[in-house]
Amino acid sequence: MHRSRFPHFVTMAVLVFFYLPILMLVAQSFNASRFGGEWKGFTFAWYGRLFDHSQIGMATSNTLIIAIASTVCSLVLGTLAAWVLHRYKTRLQKVNYTLIYAPLIMPEVLMGISLLLLFVNLSVPSGLLTVIIAHITFSISYVTFVILGRLQDFDYSMIEAAQDLGANWWTILWRVLLPLLGPGLAAGGLLAFTLSIDDFVITYFVAGPGSSTLPVHVYSMMKHGSPTLINALCVLFMAVTFAIVLLSQRLIKDKI
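Quick notes on the rules
- Going along each chain's sequence as written, the residues are numbered from 1 onward.
- The model is predicted, so local features are restricted to residues of pLDDT at least 70 and side-chain atom pairs to those at 80 or more, both for listing and for counting; the totals for chains, interfaces and linings are taken over all residues.
- Values shown for side chains rest on all heavy atoms present in the structure; no hydrogens or waters enter the calculation.
- Each helix is a run of H or I in the DSSP string that is no shorter than four residues. Each strand is a run of E no shorter than two, and both are numbered from the N terminus.
- Burial classes: relative accessible area under 20% of the type maximum marks a residue as buried, over 50% as exposed, and values in between as partly exposed (1.4 Å probe, protein chains only).
- Contact definition: two residues touch when any of their heavy atoms are within 4.5 Å.
- Any two of the Phe, Tyr and Trp rings considered here, Trp counted by its six-membered ring, make a pair once their centres fall within 6.5 Å; the pair's planes then place it as stacked at under 30 degrees, edge-to-face at over 60, or tilted in between.
- In this scheme, patches are assembled from residues that exceed 30% relative accessible area and form no salt bridge. Like charges are connected within 9 Å, while nonpolar side chains (Val, Leu, Ile, Met, Phe, Trp, Tyr) are connected within 5 Å.
- Residue-level accessible areas treat just the shown protein chains as cover; the underlying method is Shrake-Rupley with a 1.4 Å probe.
- What counts as a salt bridge is simple: a side-chain nitrogen of Lys or Arg found within 4 Å of a carboxyl oxygen of Asp or Glu.
- Buriedness for pockets is judged along seven lines, at least five of which must meet protein on both sides within 12 Å for an open set on the 1 Å grid over protein atoms alone, while cavities are sets there where a 1.4 Å probe fits but cannot get out, and lining residues have an atom within 4 Å of a point.
- Grid points are joined across faces, edges and corners, and a volume is the space filled by probe spheres set on the points.
- Charged means Asp, Glu, Lys or Arg here, nonpolar means Ala, Val, Leu, Ile, Met, Phe, Trp, Tyr, Cys or Pro, and polar covers whatever is left, Gly included.

J.: Mind laying out the overall build of the chain, listing which residues take part and the relevant values?
T.: Of regular secondary structure, the chain possesses 11 helices and 0 strands. Each helix and strand of the chain, ordered N terminal to C terminal, gives the series α-α-α-α-α-α-α-α-α-α-α. Over its C-alpha atoms, taken along the principal directions, the chain stretches across nearly 75 × 70 × 35 Å. Counting across all 256 residues of the chain, residues that qualify as buried make up 37%. Long-range contacts, defined here as pairs at least 24 residues apart, represent 73% of the contacts in the chain between residues at least 6 apart.

J.: I'd like a rundown of the packing of aromatic side chains, residues and numbers included.
T.: Evaluation of the coordinates by the stated rule reveals 10 aromatic pairs. Among the aromatic residues, those joined into a ring-pair cluster are F30, F42, F44 and Y47.

J.: Which residues make up a nonpolar patch on the surface, and what are the values?
T.: Judged by side-chain polarity, F6, F9, V10, M12, V14, L15, F17, F18 and Y19 come together as a nonpolar surface patch covering roughly 990 Å² of accessible area. Tracing the chain through its elements places L15 in helix 1 (residues 6–28). When its relative accessible area of 40% is taken as the criterion, L15 is described as partly exposed.

J.: Run through the layout of surface pockets, naming residues and quoting values.
T.: Volume-wise, the largest pocket comes out at about 370 Å³. Around the largest pocket, the lining residues are V72, L75, V76, T79, L80, W83, W169, L173, L177, L178, L181 and L185. Elements with a minimum of two residues in the lining of the largest pocket: helix 3 (54–87) and helix 8 (169–198). Residues belonging to the lining of the largest pocket are distributed by class as follows: 11 nonpolar, 1 polar and no charged.

Below is the structure:
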């Protein structure tokens, strides 16, 4: 029986549709032409100019500060939430699960507007703090479910054995819980970090003067900056994001 090649054709068409624009972006980042309309030779000049751009440096610094702060807070809160959701089974947990699921299914535009209205009503000035809080709100959910997956196969007899040997809860936390949850914590942290540095919609609503991140700055440069400089910045940004995603996927596979 002759097998149809149509599924292969559809798959290749989808892959080309997804990845051809990225390949074109990478190629144009090495184009000597200032506006990228035609190929005028190979150059690394645009990558060199990125390091002389003070606003890009400030946006990169803000992005890292926000990503690190939100990741650390999300790891702590998400791990505690996962532990409580897995350890205790009550009717109230259905409400807690709903609260954890909500940021995953809520449109980013709606979340951004809601957070903006909340900060305005509380008279909280827009800045790094508001962006960090906003990123924590959606990062907690991803960390919680990653840790929950780790807790499904958690051996509680290890905790009981440590208690029988006289270990207190602080010792159990550092010597038993954290090592066993290590792959899940690393995967959840990398996922939260990736989502933070890649977020645009929510950040656009809650960021203030001097607190723009790289995605927001790239959007601004699209209207006023050099296209080739934006191409080089996007290539570096994608390379870092892809590297973190691949590392988190590797950790998730190891966890499973």
